[in-house]
Amino acid sequence: MAKLILSMDGVALKEVPLARERTTIGRKPHNDIQIDNLAISGEHAAIITMLNDSFLEDLDSTNGTYVNGRPVKKHFLQDGDVIELAKYRLKYVSEAARRQDADAERTVVLRAESVRGALDHQKDVPAEPLPAMTASRPRGQLPAATIQVLNGNNAGRELDLTKTLTTLGKPGVMVAAIARRPLGYFITHVEGAKSPRVCGRVLESNKPYALMDHDIIELDGVKMEFFLKA
């Protein structure tokens with residue numbers, strides 16, 4: 001489990017495990033991590049955690065949020081990153097990243113081909129959570145990928161998935177995140193009462209799902225196609 005080490009002037013104050021999907025940071029008492037300092041906004045920032053991955057989001061704070069000395073709005077956290085809030089520091093420690101070995105890169109979560117065939121013949125069946133299976137994948141063969149919008153005002157627009165984490169959707173309504181890992185491209189439902197769909201099937205909240213070439217993602221009425229580049 002990942003954790004944050006809160007410190008000030010080089011002195012560690014406490015450790016906070018990231019055991020929740022959403023961890024808030026701010027001056028007001030209701031925050032998960034309260035920092036009682038006037039330089040910190042009432043609701044300053046939030047950390048979204050999905051299994052072994054976490055990303056930081058600044059909540060339109062007055063004085064901003066910095067990671068490793070640079071201002072950020074959204075940032076995919078990596079082991080050793082230091083979040084800077086006024087005089088306070090929050091070091092992100094990912095135990096999973098430290099335990100990861102070379103064998104992990106040769107494993108990828110894939111959907112069985114039989115599942116894809118079943119979906120083609122069950123379009124009228126009520127939506128169920130997407131299944132997943134494991135299979136081996138040679139190291140170093142992750143291709144570039146792109147999302148293309150299929151409908152609406154932005155139809156035809158493409159977005160290259162070059163970042164470690166790409167968020168899609170509208171905050172407060174429906175948000176999904178696509179993580180680019182050595183293992184493949186994984187989409188996760190981050191926020192919203194309704195869940196996105198992949199090829200017509202419901203994406204389970206907080207459970208990463210491995211995308212396959214030409215998968216159709218439906219996000220709040222917008223359809224997008226995920227495809228791998230040759």
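Bear in mind the structure is a predicted one, so any value in this text is a computation, not a measurement. (Residues numbered from 1 in each chain as written. Predicted model: local features only at pLDDT ≥ 70, side-chain atom pairs only at ≥ 80, totals over all residues. Heavy atoms only, no water.)

A few words on the overall build of the protein chain. If you tally the helices and strands in the protein chain, you get 2 helices and 23 strands. The burial tally for the protein chain puts 39% of its 230 residues in the buried class. (Helix = DSSP H or I, 4+ residues; strand = E, 2+ residues; numbered from the N terminus. Buried < 20%, exposed > 50% of the residue type's maximum accessible area, 1.4 Å probe, protein only.)

Looking now at the pattern of salt bridges. The final tally for this structure, using the stated rule, is 6 salt bridges. Taking the shortest distance from any N to any O, the salt bridge between Arg-20 and Asp-32 comes out at 2.4 Å. Taken together, the positions of Arg-20 in the loop between β2 (11-17) and β3 (22-26) and Asp-32 in the loop between β3 and β4 (33-34) put the pair 12 residues apart, joining distant regions of the chain. Here Asp-160 makes a salt bridge to Lys-229, at a shortest N to O gap of 3.0 Å. Of this pair, Asp-160 sits in strand β15 (residues 158-160) while Lys-229 sits in the segment after β23 (222-228), and the two are 69 residues apart along the sequence. Since its relative accessible area comes to 38%, Asp-160 is described here as partly exposed. (Salt bridge = Lys/Arg side-chain N within 4 Å of Asp/Glu carboxyl O.)

Across the sheet, which stays open at both edges, the 4 strands sit in the order β16-β17-β18-β21 with antiparallel pairing between neighbours. Of all strands in the sheet, those bounded by a partner on one side alone are β16 (165-170) and β21 (209-210). Bridge count between strand β17 (residues 174-181) and strand β18 (residues 184-191): 7 bridges; the pairing is antiparallel. Residue pairing across strands places Arg-180 opposite Tyr-185, the latter belonging to β18. (Pairing = 2+ DSSP bridges.)

Turning our attention to the packing of aromatic side chains. Pairs of aromatic rings are described using the distance from one ring centre to the other and the angle between the two planes. Overall, the coordinates contain 1 aromatic pair when judged by the stated rule. The ring of Phe-186 carries the charged tip of Arg-181 above its face, separated from the ring centre by 4.7 Å. (Phe/Tyr/Trp six-rings, centres within 6.5 Å; stacked < 30°, edge-to-face > 60°. Lys NZ or Arg CZ within 6 Å of the ring centre and 35° of its normal.)

Moving on, we come to the sheet that holds strand β20 (residues 201-202). Spatial strand order, β15-β14-β23-β22-β19-β20: 6 strands in an open sheet with antiparallel pairing. Lying at the two open borders of the sheet, with one neighbouring strand each, are β15 and β20.

The biggest cluster of nonpolar side chains holds 20 residues, and the ones touching the most others in it are Leu-4, Ile-35, Ile-47, Leu-56 and Ile-83. Of all the secondary-structure elements, those providing two or more residues to this core are β1 (3-8), β5 (45-50), β10 (82-85) and β11 (88-93). The dominant element in this core, judged by the number of residues it contributes, is β11, at 3 residues. Residue contacts for Ile-83: discarding those within four places in its chain leaves Leu-4, Ile-47, Leu-56, Thr-65, Tyr-66, Val-67, Leu-77, Tyr-88, Arg-89 and Leu-90. (Core = buried A, V, L, I, M, F, W, Y, C linked by side-chain atoms within 4.5 Å. Contact = heavy atoms within 4.5 Å.)

Our focus in this paragraph is the environment of Lys-91. Within the secondary structure layout, Lys-91 lies in strand β11. For Lys-91, a relative accessible area of 37% gives the class partly exposed. Considering only alpha carbons, one finds Lys-91 and Asp-79, 12 residues apart in sequence, at a separation of 8.5 Å.

Taken as a whole, the second largest pocket encloses approximately 430 Å³ of empty space. Residue lining of the second largest pocket: 18 residues in total, with Val-149, Asn-154, Gly-169, Val-222 and Met-224 positioned closest to the centre. At the level of elements, β14 (145-149), β15, β16 and β23 are the ones that each hand at least two residues to the lining of the second largest pocket. In terms of residue class, the lining of the second largest pocket is made up of 8 nonpolar, 6 polar and 4 charged. (1 Å grid on protein atoms, 1.4 Å probe; cavity = no way out; pocket = protein on both sides within 12 Å on 5 of 7 lines; lining within 4 Å. Points joined across faces, edges and corners; volume = space filled by probe spheres on them. Nonpolar A, V, L, I, M, F, W, Y, C, P; charged D, E, K, R; others polar.)

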